[in-house]
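# Tertiary structure, described
Here is what each chain is made of, one letter per residue.
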Amino acid sequence: MLGLAAKTQMLFASADGGGFSPPTLDGELNPDGFLFVGTPFEMNRLLMVRLIAVVVLALIMVWYTRRAKLVPSRGQAAVETLLDFSRVQIGHEILGKDKAEKYQPMLATLFIGVLFMNLTGVIPGLQIAGTSLIGMPLIYGLFAYVGFIVAGVKDRGLGTFFKEQLMPPGVPWPLYFIMLPIELLSTFILRPLTLAVRLLANMVAGHFILVLSFAGTHYLYFTLSGVMGAGLGSLTLLVGVIFVVFELFVGALQAYIFAMLAAAYVSLSISAD
């Protein structure tokens, strides 16, 4: 296996006097602008993908609210499946039926919004997740952050909420000198950051695996010649197809985990224990 890898690397470096150019962070995640270049409204490929995801999601939801029927069509059933999943599997499981409905709009927004942004990474023509740059994951993280703080303040009261979060009851008072800065850091600073970074890391890793697989396939098929190029190109193509399916699973899983953690934070903020 090591010998094959070394031979492949030599072939990449020597074919046609040029080498294989692997994807780079700057090239993939900081694409050149193509509209309004040089202005604060500069549009590049990643922003375009995000706008497409937002517009498609908005159109689907408008269509759903206006065309919903007692006997659902296939499209209506698909939308209701996503909404029911966020309501039951996330809201009811974490918050309980008596409290989940109150926070269903927030949880559904997070789950479906992150899902649509993630799945753009495997759609032909788009082929990059809207959450593969820190801005969008951070916006979702801040949305969940504001959501659990507002929920806690409304349910427990301003002073009681912050006191319970920073100074858990039942702890010997000398330990509060240690616990207060730890709770402040973990609860009010790291939560949105960890939500954003977890989502970002998974989507960036998946994107680079797909880009490397299909770029390698193109290089091997059209630059190298002979049985070696065809054989290795077929192998990288198979790996790419497998990872497309895997990336679909990861995109859905990360949307679920993101919304589930947001529900867990809300549960902690409104709990008297």
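For the structure itself, consult the block above.
Residues numbered from 1 in each chain as written. Predicted model: local features only at pLDDT ≥ 70, side-chain atom pairs only at ≥ 80, totals over all residues. Heavy atoms only, no water.

The next point concerns the overall build of the chain. Within the chain, the regular secondary structure consists of ten helices and two strands. Beginning at the N terminus, the succession of helices and strands in the chain can be written as α-α-β-β-α-α-α-α-α-α-α-α. Relative to the globule expectation of 19 Å for 273 residues, the C-alpha radius of gyration of the chain, 23 Å, shows a markedly less compact shape. By its C-alpha atoms, the chain is 70 × 60 × 45 Å across when sized along the principal axes. (Helix = DSSP H or I, 4+ residues; strand = E, 2+ residues; numbered from the N terminus. Rg over C-alpha atoms; globule rule 2.2 N^0.38 Å.)

The subject of this paragraph is the nonpolar core. Of all hydrophobic cores here, the largest spans 41 residues; its most connected members are Leu95, Leu107, Leu110, Tyr140, Phe148, Phe258 and Val266. Listing elements by their share of this core, those giving two or more residues are helix H3 (45-67), helix H4 (74-95), helix H5 (97-119), helix H6 (135-156), helix H7 (158-166), helix H9 (190-222) and helix H10 (226-270). Looking at this core, the element that brings in the most residues is H5, giving eleven residues. In this structure Leu95 touches Ile90, Ala100, Tyr103, Leu107, Ala263, Val266, Ser267 and Ile270, once residues within four positions along its chain are discounted. One finds Leu29, Val49, Ile128 and Val204 within the second-largest nonpolar core, a separate group that totals eight residues. (Core = buried A, V, L, I, M, F, W, Y, C linked by side-chain atoms within 4.5 Å. Buried < 20%, exposed > 50% of the residue type's maximum accessible area, 1.4 Å probe, protein only. Contact = heavy atoms within 4.5 Å.)

A few words now on empty space enclosed by the protein. Taken as a whole and judged by the stated rule, the model has two cavities of 30 Å³ or more. Considered as a void within the structure, the largest cavity measures approximately 40 Å³ in volume. In terms of lining, the largest cavity is formed by Gly121, Ile128, Ala129, Met203, Gly206, His207, Leu210 and Glu247. If you tally residues by element for the lining of the largest cavity, the top one is H9, at four residues. Considered class by class, the residues forming the lining of the largest cavity number four nonpolar, three polar and one charged. The computed volume of the second largest cavity comes to approximately 30 Å³. Surrounding the second largest cavity, Leu195, Arg198, Leu199, Gln254, Ile257, Phe258 and Leu261 form its lining. When contributions to the lining of the second largest cavity are tallied by element, the ones reaching two or more residues are H9 and H10. Element by element, the count of residues in the lining of the second largest cavity is highest for H10, at four residues. Tallied by class, residues from the lining of the second largest cavity come to five nonpolar, one polar and one charged. (1 Å grid on protein atoms, 1.4 Å probe; cavity = no way out; pocket = protein on both sides within 12 Å on 5 of 7 lines; lining within 4 Å. Points joined across faces, edges and corners; volume = space filled by probe spheres on them. Nonpolar A, V, L, I, M, F, W, Y, C, P; charged D, E, K, R; others polar.)

Let us look at a nonpolar patch on the surface. Residues Trp173, Leu175, Phe177, Ile178 and Ile182 make up a contiguous nonpolar surface patch of about 600 Å² in total accessible area. With respect to the secondary-structure elements, Leu175 resides in the loop between H7 and helix H8 (176-188). (Patch = residues over 30% accessible without salt bridge, like charges linked within 9 Å, V, L, I, M, F, W, Y side chains within 5 Å. Areas by Shrake-Rupley, 256 points an atom, 1.4 Å probe, with all protein chains shown as cover. Salt bridge = Lys/Arg side-chain N within 4 Å of Asp/Glu carboxyl O.)

Okay, the side chain of Glu183 next. Within the secondary structure, Glu183 sits in helix H8. Buried charge without a partner: Glu183 forms no salt bridge, and the closest opposite charge is Arg191, 6.4 Å away. Once residues lying within four places of it in the same chain are set aside, the contact partners of Glu183 are Gln165, Leu166 and Phe188. (Lys, Arg positive; Asp, Glu negative; His and termini not counted.)

In total, this model carries three salt bridges according to the counting rule given. For Arg156, the salt bridge identified is with Glu164, shortest N-O distance 2.6 Å. Shared partners join several salt bridges into a network, and the residues in it are Asp84, Arg87 and Glu101.

It is worth spelling out H3 at this point. The terminal C-alpha atoms of H3 lie 32 Å apart, and with 23 residues this matches the ideal 33 Å at 1.5 Å per residue to within 8%. Listed in full, the buried residues belonging to H3 are Leu46, Val49, Arg50, Ala53, Leu57 and Tyr64. Of the surrounding secondary structure, the elements contacted by the buried residues of H3 are helix H2 (25-29), strand E2 (43-44), H4, H5 and H6. Its side-chain oxygen 3.2 Å from the backbone nitrogen of Leu46, Asn44 forms the N-cap of H3. (Expected span 1.5 Å × (residues − 1). Polar contact = N/O pair within 3.5 Å; in protein donor to acceptor, adjacent residues only side chain to side chain.)

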